[in-house]
Amino acid sequence: MAVLPILSYPDPRLRTIAAPVKEVDAEIKTLISDMIETMYAADGIGLAASQVDRHIQLIVMDLSENRDTPMVFINPKVTPLVEEKQPYEEGCLSVPDVYDKVERPSKVRIEALDADGEPIDEIAEGLLAVCIQHEMDHLNGVIFVDYLSRLKQTRARDKVKKVLKIREKQSQQAAKQPEATNV
Ligand code: K1U
Ligand code: ZN
């Protein structure tokens, strides 16, 4: 398994529309394992293939407390079941350290295939409904900051630049440190 690099806003590759998965083969299964590992390493609750520069309709998610119940959605179709929208403070691994309220339909139907290619057909509410709609947006080239004001989008760009600079510095410093020993 491997931790994959995550694209950061405003990378134009995040705007690519994802294509349907033709077959749940060994290559897709490897990507699923890598995406789950990447999501856990980044402390996320979801990840769309678009975020790791793979433009296919594949989403992984884990909303469990123990981070031991990954869910996989291949070729998902999400249908709102209510007109009522609810606000939720969203975050995004592609927009690090930026959180803001987005309003989305509170109840949706999810139709997809799972990691074995078996059909999923379920009704989602709460965080599952929020997260699947956020991830579906990624597959359609939409990022949650698109719902915010121009001013907030500019601030988000600046914040991401700053966070990436700090991360870069930290990784350079870590590379300079002698390796810790376990004695
Ligand atoms: O798609 C992603 O970038 C993953 C994203 C999923 C998400 C979180 C919250 C609302 C909607 C979608 C994240 O995992 S962000 C990091 C995170 O774990 C988190 C952030 C805010 C609230 C709850 C969790
Ligand atoms: Zn996101």
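Thresholds applied
- Every residue gets a number counted from 1 within its own chain, in the order that chain's sequence is written.
- Each chain takes a letter, starting from A, and each ligand takes a number, starting from 1, following the order in which they are written.
- Per-residue local features of the predicted model are confined to residues with pLDDT of at least 70, and side-chain atom pairs are confined, for both listing and counting, to 80 or more; whole-chain, interface and lining totals are unaffected and use all residues.
- Side-chain figures throughout are based on the complete set of non-hydrogen atoms in the structure, without hydrogens or water.
- Secondary structure elements are taken from DSSP: a helix is a run of H or I of four residues or more, a strand is a run of E of two residues or more, and numbering for both begins at the N terminus.
- Exposure categories follow from relative accessible area, calculated using a 1.4 Å probe and restricted to protein chains: below 20% of the type maximum is buried, above 50% is exposed, and the middle band is partly exposed.
- Any pair of nitrogen or oxygen atoms within 3.5 Å is treated as a polar contact; in protein, a donor-acceptor pairing is required on top of that, and neighbouring residues in sequence qualify only through side-chain atoms on both sides.
- Contacts are assigned to residue pairs with any non-hydrogen atoms lying within 4.5 Å of each other.
- Any N, O or S atom lying within 2.8 Å of the metal counts as a donor, and for Na, K and Ca the limit rises to 3.2 Å; water is left out, so some sites can look incomplete.
- The nearness test applies per residue and asks whether one of its heavy atoms lies within 4 Å of the molecule or strand.
- We get accessible surface area from the Shrake-Rupley algorithm with a probe of 1.4 Å; when it comes to residues, only the shown protein chains can shield them.
- Computed over the protein atoms alone on a 1 Å grid, cavities are sets of points where a 1.4 Å probe fits but cannot get out and pockets are open sets with protein on both sides within 12 Å along at least five of seven lines; a residue lines them when it has an atom within 4 Å of a point.
- Being in a pocket or cavity means that more than half of the molecule's atoms lie within 2 Å of its grid points.

Chemist: Outline unusual backbone geometry, supporting the account with residue identities and numerical values.
Modeler: The linkage connecting Tyr 9 with the following residue, Pro 10, adopts the cis geometry, with an omega of 5 degrees. Residue placement: Pro 10 occurs in the segment before helix 1 (26-41). Even without being glycine, Asn 75 reaches a positive phi, approximately 45 degrees. Here Asn 75 lies in strand 3 (residues 71-80). Under the relative-accessibility criterion, Asn 75 is labelled partly exposed at 24%. For Asp 97, which is not glycine, the phi torsion reads 65 degrees and is therefore positive. You can see Asp 97 is positioned in the loop between strand 4 (85-90) and strand 5 (100-105).

Chemist: An account of the side chain of Gln 57 is needed here, citing residue identities and associated values.
Modeler: Considering the arrangement of structural elements, one finds Gln 57 in the loop between strand 1 (46-48) and strand 2 (58-61). The exposure class assigned to Gln 57 is buried, which follows from its relative accessible area of 19%. Among the polar contacts listed, one links the side chain of Gln 57 to the backbone oxygen of Ala 18, at a separation of 3.2 Å. Excluding residues that lie within four positions of it along the chain, Gln 57 makes contacts with Ala 18, Ala 19, Pro 20, Val 21, Phe 73, Ile 74, Asn 75, Pro 76 and Leu 139.

Chemist: An account of the coordination of the zinc ion (ligand 2) is needed here, citing residue identities and associated values.
Modeler: Coordination of the zinc ion (ligand 2) by the protein comes from Cys 92 (SG), His 134 (NE2) and His 138 (NE2), over a distance range of 2.0 to 2.3 Å. Every donor residue of the zinc ion (ligand 2) comes from the same chain, spaced as C-x41-H-x3-H. One end of the pair, Cys 92, is in the loop between strand 4 and strand 5; the other, His 134, is in helix 2 (residues 126-139), with 42 residues separating them in the sequence. The burial state of Cys 92 is the same as that of His 134; both residues are buried.

Chemist: Can you tell me about the side chain of Gln 51, naming the residues and giving the values?
Modeler: Mapped onto the elements of the fold, Gln 51 is located in the loop between strand 1 and strand 2. Within the structure, the side chain of Gln 51 is placed 3.4 Å from the side chain of His 138, a separation counted as a polar contact. With sequence-adjacent residues up to four places away left out, Gln 51 is seen in contact with Pro 5, Ile 6, Leu 7, Leu 14, Cys 92, Leu 93, Ser 94, Glu 135 and His 138.

Chemist: Lay out the site of ligand 1 with the relevant residues and their values.
Modeler: The environment of ligand 1 is made up of 16 residues, and the closest members are Ile 45, Gly 46, Gln 51, Leu 93 and Glu 135. Measuring from an oxygen atom of ligand 1, one finds a backbone N or O atom of Leu 93 at 2.7 Å. Within the side chain of His 134, a nitrogen or oxygen atom sits 3.2 Å from an oxygen atom of ligand 1. For ligand 1, whose free accessible area comes to 500 Å², the fraction covered by protein is 86%. If you map ligand 1 onto the pockets, it falls in the largest pocket. Secondary structure elements with two or more residues in the shell around ligand 1: strand 4 and helix 2. When residues in the shell around ligand 1 are grouped by element, the largest group, five residues, is from helix 2.

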